[in-house]
Amino acid sequence: VPRSFFGGSGGSTYKPFDPATELGVQEPVGFWDPLGFTADGDEAAFKRRRSVELKHGRVCMAATIGYITPEYYKFPGFLSPSQGIQFSDVPNGLAALSKVPSLGWVQI
């Protein structure tokens, strides 16, 4: 009778990485990977992509707040005292890009 050095039946107990069993896989969609990024079965790459996705989501949420907030609140005072530009003079959204002085963008 062959015996395993560490006991047991001698069969492999290694379980390969299966992203379909990870936290967040829910019905009715289940595990969804249309581009096949997890086809290689690399657990470290999967966890890195998951953390990067969370980081990008948080950056997007902060950008959304930064885009919405000026609709309701503007800082008092001057953006550029030398050019007489107040914060209230700067329009919202992408139109603000042309109103901020170029040296102001350098400071940012």
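Figured I'd write up the structure that's included with this text.

Reading the values: rules and limits
- Residues numbered from 1 in each chain as written.
- Predicted model: local features only at pLDDT ≥ 70, side-chain atom pairs only at ≥ 80, totals over all residues.
- Heavy atoms only, no water.
- Phe/Tyr/Trp six-rings, centres within 6.5 Å; stacked < 30°, edge-to-face > 60°.
- Helix = DSSP H or I, 4+ residues; strand = E, 2+ residues; numbered from the N terminus.
- Buried < 20%, exposed > 50% of the residue type's maximum accessible area, 1.4 Å probe, protein only.
- Polar contact = N/O pair within 3.5 Å; in protein donor to acceptor, adjacent residues only side chain to side chain.
- Contact = heavy atoms within 4.5 Å.
- Salt bridge = Lys/Arg side-chain N within 4 Å of Asp/Glu carboxyl O.

### Overview of the packing of aromatic side chains
Scanning all chains against the criterion turns up three aromatic pairs. Taking the centre distance of 5.3 Å and the plane angle of 55 degrees together, the rings of Phe-17 and Phe-46 count as tilted. With Phe-17 in the segment before α1 (43-68) and Phe-46 in helix α1, this residue pair connects regions lying 29 residues apart in the sequence. Overall, Phe-17 belongs to the buried group, its relative accessible area being 16%. The class for Phe-46 is buried, based on a relative accessible area of 9%. Members of the aromatic cluster, each reached through a chain of ring pairs, are Tyr-73, Phe-75 and Phe-87.

### Section: the side chain of Thr-38
Within the secondary structure, Thr-38 sits in the segment before α1. Look at Thr-38 and you get buried, because its relative accessible area is 16%. Among the polar contacts listed, one links the side chain of Thr-38 to the side chain of Asp-33, at a separation of 2.8 Å. Leaving out residues up to four positions away in the same chain, Thr-38 has contacts with Pro-19, Phe-31, Asp-33 and Phe-46.

### Comments concerning unusual backbone geometry
Backbone phi values are negative for most residues with the exception of glycine, while trans is the configuration of most peptide bonds. For the peptide bond that leads from Glu-27 to Pro-28, omega is 5 degrees, which places it in the cis range. For Pro-28, the position within the fold is in the segment before α1.

### A look at the side chain of Ser-80
Here Ser-80 is to be found in strand β1 (residues 78-80). Non-local contacts of Ser-80, meaning those with residues more than four positions away in its chain, are made with Ile-85 and Pro-101.

### Points about the environment of Asp-18
Tracing the chain through its elements places Asp-18 in the segment before α1. As for Asp-18 and Thr-38, which are separated by 20 residues in sequence, their C-alpha atoms are 8.9 Å apart.

### Quick word on the pattern of salt bridges
One pass over the structure, following the stated rule, counts one salt bridge. Here Lys-47 makes a salt bridge to Glu-43, at a shortest N to O gap of 3.5 Å. Taken together, the positions of Lys-47 and Glu-43, both in helix α1 and four residues apart, correspond to about one turn of that helix. Relative accessible area serves as the criterion here: at 44%, Lys-47 is assigned to the partly exposed category. Exposure remark for Glu-43: the relative accessible area of 36% places this residue in the partly exposed category.

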